[in-house]
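Listed below are the residues making up each chain.
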Amino acid sequence: DVKVTQSSRYLVKRTGEKVFLECVQDMDHENMFWYRQDPGLGLRLIYFSYDVKMKEKGDIPEGYSVSREKKERFSLILESASTNQTSMYLCASSPQGAGVSQFFGPGTRLTVL
Amino acid sequence: GQQLNQSPQSMFIQEGEDVSMNCTSSSIFNTWLWYKQDPGEGPVLLIALYKAGELTSNGRLTAQFGITRKDSFLNISASIPSDVGIYFCAGQRMNRDDKIIFGKGTRLHILP
């Protein structure tokens, strides 16, 4: 059974803190993605990665960075959390190639106070 | 970035009714996907469509890949309480990378 796991379901941080969101997949997928989901805005792509140590900016990368040191793990980093980064963060993975489906983790609901 | 136009934004229906929602785009897509998200969970893939005109079913769910490659619809027949959630369409464009573009979702509410 395919599995994407995220390190926390709920997280509360203070403004200015450095925040790490971890995502691990066990399907040997090449591609991994980080989205944020906000009411009325749907899913917006923050960053994605096609391979180890490789990263590409998505539609809203500002205020975020990522790290992919191992194939199965993709980390999202908020260098200095701000209140407008309060959101639901979703990680996804997919095998390489056109026409492929993405598999999602359960999400991390981050609140920045 | 580009977004798909998904409608309706929300629906209130009676249990047992059929449901229909759709997605349109100004661009051609080579793959259409439909996901469902339960409250507090990540989206789960329901149906994937790979060919124009393709009609695919998954239990009470049926989805079609539009002939023009610019639209798709999802039907749910005889709705039940566990169908409540947000349904997202998603598409992958022709000759693009592996990124997927998502609609903003249709929130389905079922009245007893």
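Residues numbered from 1 in each chain as written. Chains lettered and ligands numbered in written order. Predicted model: local features only at pLDDT ≥ 70, side-chain atom pairs only at ≥ 80, totals over all residues. Heavy atoms only, no water.

Draft legend 1. Quick look at the nonpolar core. Core analysis: the largest hydrophobic core is formed by 22 residues, its most contacted members being W34, L74 and L108 of chain B. Discounting residues that sit within four places of it in the chain, L74 of chain B has contacts with V19, S20, M21, W34, L46, I47, L61, T62, A63 and Y87 of chain B. (Core = buried A, V, L, I, M, F, W, Y, C linked by side-chain atoms within 4.5 Å. Buried < 20%, exposed > 50% of the residue type's maximum accessible area, 1.4 Å probe, protein only. Contact = heavy atoms within 4.5 Å.)

Draft legend 2. Representation of the layout of surface pockets in the model. Its volume calculated, the largest pocket comes out at about 520 Å³. Lining the largest pocket we find 21 residues, and of these Q37, P39 and G40 of chain A together with I86 and R107 of chain B sit closest to its centre. Those elements that provide at least two residues to the lining of the largest pocket are β4 (31-38) and β9 (87-94) of chain A together with β9 (85-93) and β11 (106-111) of chain B. (1 Å grid on protein atoms, 1.4 Å probe; cavity = no way out; pocket = protein on both sides within 12 Å on 5 of 7 lines; lining within 4 Å. Points joined across faces, edges and corners; volume = space filled by probe spheres on them. Helix = DSSP H or I, 4+ residues; strand = E, 2+ residues; numbered from the N terminus.)

Draft legend 3. Region of interest: the pattern of salt bridges. Residues and elements named next belong to chain A. The tally for this structure, following the rule as stated, stands at 10 salt bridges over all chains. Between E79 and K18 there is a salt bridge whose closest N-O contact spans 3.5 Å. On the criterion of sequence distance, the pair formed by E79 in the loop between β8 (73-78) and β9 and K18 in the loop between β2 (10-13) and β3 (19-25) is long-range, its members being 61 residues apart. Residue class for E79 comes out partly exposed when judged on its relative accessible area of 44%. If you follow the salt bridges from partner to partner, you end up with D28, E30 and K71 in one network. (Salt bridge = Lys/Arg side-chain N within 4 Å of Asp/Glu carboxyl O.)

Draft legend 4. Local environment of the pairing of β9 of chain B. All names here are of chain B. Taking burial as the measure, the 9 residues of β9 include 8 buried ones, the bulk of the element. Sheet topology note: the β9/β11 ladder contains 3 bridges and is antiparallel. Each residue of the ladder has a partner; that of I86, found in β11, is R107. In this structure, β9 lies alongside strand β10 (residues 101-102), joined through 2 bridges in antiparallel fashion. The residue of β10 that forms the bridge with A90 is F102. (Pairing = 2+ DSSP bridges.)

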